[in-house]
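The lines below spell out each chain.
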Amino acid sequence: MTIETIGENKCFGGVQGVYSHAAESTACAMRFSVYLPPQAEAGPVPVVYWLSGLTCTEENFTVKAGAQRYAAEAGIAIVAPDTSPRGDGVADDDGYDFGQGAGFYVNATEEPWRAHYRMYDYVVEELPALIASRFPVDPSRAGIMGHSMGGHGALVCGLRNPDRYRSISAFAPICAPIRCPWGEKALAGYLGSDREAWKDYDATELIRRIRDDRAILVDQGLADGFLAEQLKPELLEEACRETGRPLTLNRRTGYDHSYYFIASIIGDHIRHHAAALAV
């Protein structure tokens with residue numbers, strides 16, 4: 001498979017790169033970023049996947065989060081894909097919360113979305129296989145994290161694939177998409193009207209169905225304007241309490257939904273993953 005290098009820059013002793021390839025899952029060109037820490041020069045390193053939120057591309061996290069410093073200290077690679085398929089032939093919508101930039105990390109079953117909107121398969125299957133074949137990472141030591149819509153994606157992909165991801169974390173995730181406006185719009189559009197099918201992409205439902213002992217780390221800003229209507233971390237907390245799932249839910253006074261919040265806390269999340277991926 002051919003990878004196009006968009007750019008590479010030296011960063012904290014490692015290399016921050018941005019790349020593109022023709023993806024089979026989404027039937028279009030997909031961009032992603034990879035940060036390789038300096039330890040990768042000596043051999044494969046653990047890898048953490050970052051999933052971004054609504055309207056974002058791979059660039060938002062790569063430029064704004066400041067994660068490279070912490071990844072270099074921990075010896076961890078970070079991979080950040082785009083949030084959805086894109087291009088002239090890819091279906092789109094006028095709303096910011098549906099269509100291009102809002103793939104919601106599902107495998108769409110409805111027209112006209114099903115031809116390209118298979119972000120779940122892209123994130124879980126195709127991209128990790130590509131990364132493992134082209135970059136010095138150890139796929140047996142992988143974690144996943146994300147923000148907002150990407151926090152939803154990280155929780156869902158992580159929970160459904162305990163054999164692939166040793167560690168899970170999220171910033172301000174959409175915790176119960178079957179019970180919030182963003183999620184209801186996206187899941188109905190991509191998956192149709194059967195609400196039972198939506199449960200495969202709802203973290204609170206998955207926690208009740210999938211049991212293991214991996215601890216989840218979530219940070220939520222209390223000044224987040226989306227907190228009450230869209231994010232609902234209390235429902236995730238309730239599901240974890242009922243099932244005995246280890247959860248650390250940090251409620252951060254004064255922080256909002258922005259990358260200022262993410263940049264302030266990202267070091268804690270890198271260290272969470274580093275501890276889980278150390279052996």
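Residues numbered from 1 in each chain as written. Predicted model: local features only at pLDDT ≥ 70, side-chain atom pairs only at ≥ 80, totals over all residues. Heavy atoms only, no water.

### A closer look at the pattern of salt bridges
Link 1 in the chain: As enumerated under the stated definition, the model contains 16 salt bridges in all.
Link 2 in the chain: Of the charged contacts, one joins Glu196 and Lys199 as a salt bridge, the two residues approaching to 3.0 Å between their closest N and O atoms.
Link 3 in the chain: By relative accessible area, Glu196 is classed as exposed at 52%.
Link 4 in the chain: Here Arg252 makes a salt bridge to Asp219, at a shortest N to O gap of 2.5 Å. Of this pair, Arg252 sits in strand β9 (residues 247-252) while Asp219 sits in strand β8 (residues 216-221), and the two are 33 residues apart along the sequence. (Salt bridge = Lys/Arg side-chain N within 4 Å of Asp/Glu carboxyl O. Buried < 20%, exposed > 50% of the residue type's maximum accessible area, 1.4 Å probe, protein only. Helix = DSSP H or I, 4+ residues; strand = E, 2+ residues; numbered from the N terminus.)

### A look at the packing of aromatic side chains
Link 1 in the chain: In total, this model carries 13 aromatic pairs according to the counting rule given.
Link 2 in the chain: A centroid spacing of 5.3 Å and a plane angle of 85 degrees characterise the contact between Trp113 and Tyr117, whose relative ring orientation is edge-to-face.
Link 3 in the chain: Here Tyr117 falls in the buried class, since its relative accessible area comes to 1%.
Link 4 in the chain: Ring-pair connections join several aromatic residues into one group, and the members of that group are Trp50, Phe61, Phe171, Tyr255 and Phe261.
Link 5 in the chain: Above the face of the Tyr120 ring, Arg160 is positioned so that its terminal group lies 4.2 Å from the ring centre.
Link 6 in the chain: Sitting over the face of the ring of Tyr201, Arg160 holds its NZ or CZ atom 5.0 Å from the ring centroid. (Phe/Tyr/Trp six-rings, centres within 6.5 Å; stacked < 30°, edge-to-face > 60°. Lys NZ or Arg CZ within 6 Å of the ring centre and 35° of its normal.)

### What to know about unusual backbone geometry
Link 1 in the chain: With an omega dihedral of -5 degrees, the bond running from Glu111 to Pro112 counts as a cis peptide bond.
Link 2 in the chain: Mapped onto the elements, Pro112 comes out in the loop between β5 (77-81) and α3 (119-134).
Link 3 in the chain: We note that Ala172 has phi near 45 degrees; this positive angle belongs to a residue other than glycine.
Link 4 in the chain: Within the element layout of this structure, Ala172 appears in the loop between β7 (167-171) and α5 (181-191).
Link 5 in the chain: Not every positive phi belongs to a glycine, and Lys232 is a case in point at roughly 55 degrees.

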